[in-house]
Amino acid sequence: VATSADAVLDALGDRTRRAILENLLAGPLAVGVLADQLPVSRPAVSQHLRVLKDAELVVESVAGTRRLYRINQVGLMAVRDYFDRFWETTLDNFAILAAAEAEADKRKPAPGRTTAKRRDRGRTDNK
Amino acid sequence: MSTESAAGVEVARSVSVPLSLPRTFELFTARMTEFWPKEHSVGSSEFAEVVVEPRPGGRWFERGVDGGECQWGSVAAWDPPRKVVLLWQIGADWKFDPDFETEVEVTFTDEGSGRTRVDLCHRNLERYGDATEQMRAIFDHPNGWTGTLDRFAELAKSHATQQD
């Protein structure tokens with residue numbers, strides 16, 4: 001994960017760049033097509049694409065004689081990483097709570113809750 | 001053509017706990033308040049309670065310390081003590097959106113010797129990619145997803161101290 005959150009935020013801090021990304025959501029596009037779709041010049045689009053590329057938000061690929069730009073999934077990976085860390089923390093919290101419960105059970109067995117062995121020795125439950 | 005955007009993005013995590021299958025299920029679903037990270041409140045105030053209504057179609061919500069309720073999602077499958085599927089319906093703009101669904105499937109497996117494994121899978125995360133602008137909200141939100149590691153470190157430390 002080379003991209004820092006700062007680089008991503010800087011890249012997204014520009015309205016034209018966000019517009020470029022939105023246009024790319026539908027699929028890969030060439031610079032010329034993007035320039036036609038937006039109220040900016042072709043060199044300006046190229047400039048913005050360079051910033052987006054540096055932030056790893058878009059990647060370019062060559063298809064025949066054309067150079068196409070498409071959304072990079074790294075941004076999505078940042079979202080993924082957040083959730084991964086979130087669930088790691090939450091499940092760790094859960095494990096700590098469960099361990100405390102198990103510990104409390106050992107210290108103070110609830111009435112009626114016995115081990116299988118003890119139940120075998122005791123009166124038979126009518127099941 | 002766009003196989004990439006069609007590909008599912010998910011995270012999976014597992015944990016093993018020293019409790020029976022039914023008790024693990026009960027602890028996870030009925031006492032979420034006690035292990036949900038405190039900073040992960042979606043509402044306007046800190047949460048007092050995290051509630052999963054124990055039935056299919058039930059709501060999954062937080063009740064704030066101010067008494068207000070803020071829905072997070074709903075119960076897609078309720079199959080005690082083995083499985084619960086919750087829908088996390090909070091968009092990256094931190095608002096409940098009934099049309100936005102990501103799925104949190106939690107399965108519980110008896111490992112024997114009084115232990116139970118919890119497998120959690122949060123899928124459909126690619127749906128957050130539909131609006132790049134939303135990513136910003138995740139990073140920027142004051143109650144954002146940072147700081148939970150710090151909290152866990154503290155918890156783990158206090159837990160270790162108790163054991164000494």
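That block above? That's the structure.
Residues numbered from 1 in each chain as written. Chains lettered and ligands numbered in written order. Predicted model: local features only at pLDDT ≥ 70, side-chain atom pairs only at ≥ 80, totals over all residues. Heavy atoms only, no water.

**A few points about the overall build of chain A**
The condition that has to hold: Each helix corresponds to a stretch of at least 4 residues labelled H or I by DSSP, and each strand to a stretch of at least 2 residues labelled E; elements are numbered beginning at the N terminus. Accessibility here uses a 1.4 Å probe with only protein chains present; expressed as a share of the type maximum, an area under 20% marks a residue as buried, one over 50% as exposed, and anything in between as partly exposed. Only heavy atoms matter for contacts: two residues are in contact if any of them lie within 4.5 Å across the pair. For the area figures, the Shrake-Rupley method with a 1.4 Å probe applies, and any residue is considered shielded solely by the protein chains shown.
Assigned secondary structure in chain A consists of six helices and three strands. Listed N to C, the secondary structure of chain A is α-α-β-α-α-β-β-α-α in terms of helices and strands. For chain A, the residues scored as buried account for 38% of the 127 residues in total. When contacts within chain A are restricted to residue pairs at least 6 apart in sequence, long-range pairs at least 24 apart make up 46% of them. For chain A, the exposed surface amounts to about 7,700 Å²; the carbon and sulfur share of it is 49%.

**Side note on the pairing of strand β2 (residues 58-63) of chain A**
Heads up, the rule is: Two strands qualify as a pair provided DSSP detects at least 2 bridges between them.
As judged from the six bridges shared by β2 of chain A and strand β3 (residues 66-71) of chain A, these two strands associate in the antiparallel manner. In the sheet register, V59 of chain A faces β3 of chain A, and the bridge partner there is R70 of chain A.

**Side note on the sheet that holds β3 of chain A**
Residue and element names in this part refer to chain A. Put simply, the rule is: With axes taken as lines fitted to C-alpha atoms, and helix axes fitted only over the stretch in contact, angles between N-to-C directions fall between 0 and 180 degrees.
Taken in spatial order, the three strands make up an open sheet running β1-β3-β2, and their pairing is antiparallel. Single-partner strands in this sheet number two, and they are β1 (29-30) and β2. Each of β1, β2 and β3 touches helix α2 (residues 15-24); the most contacted strand, β3, lies at about 95° to it. Packed on one face of the sheet, helix α4 (residues 42-54) meets β2 and β3 and runs near 115° to β2.

**Describing the packing of aromatic side chains**
Here is the rule we go by: Aromatic pairing here means that ring centres of Phe, Tyr or Trp (its six-membered ring) are within 6.5 Å. Orientation follows from the plane angle: under 30 degrees is stacked, over 60 is edge-to-face, and everything else is tilted. For a Lys NZ or an Arg CZ to count as sitting over a ring, it must be within 6 Å of the ring centre and within 35 degrees of the ring normal.
By the definition in use, this model includes 15 aromatic pairs over all chains. An angle of 85° between the planes, with centres 5.6 Å apart, marks the rings of W87 of chain A and W36 of chain B as edge-to-face. Here the residue W87 of chain A occupies a position in helix α5 (residues 74-107), and W36 of chain B occupies one in the loop between α2 (21-30) and β2 (47-52), the pair thus bridging two chains. One exposure class covers both W87 of chain A and W36 of chain B, and it is buried. A centroid spacing of 5.1 Å and a plane angle of 75° characterise the contact between F94 of chain A and F28 of chain B, whose relative ring orientation is edge-to-face. Taken together, the residues span two chains, with F94 of chain A in helix α5 and F28 of chain B in helix α2. Of the two residues examined, F94 of chain A and F28 of chain B, each falls in the buried class. The ring of F61 of chain B carries R59 of chain B above its face, with NZ or CZ at 4.1 Å from the centroid.

**Looking at the sheet that holds strand β4 (residues 69-79) of chain B**
Residues and elements named next belong to chain B. Judged by pairing direction, the sheet is antiparallel, and its seven strands sit side by side in the order β1-β7-β6-β5-β4-β3-β2 without closing on themselves. Unpaired on one side and paired on the other, β1 (11-17) and β2 mark the two borders of the sheet. The average angle at which neighbouring strand axes cross in this sheet is 20°, direction not considered. The pairing of strand β5 (residues 83-88) with strand β6 (residues 102-112) spans six bridges and is antiparallel. Paired with V84 across the strands is V106, a residue of β6. Relative to β6, α2 is tilted by about 155°, and along the sheet it contacts β1, β2, β4, β5, β6 and β7 (115-123).

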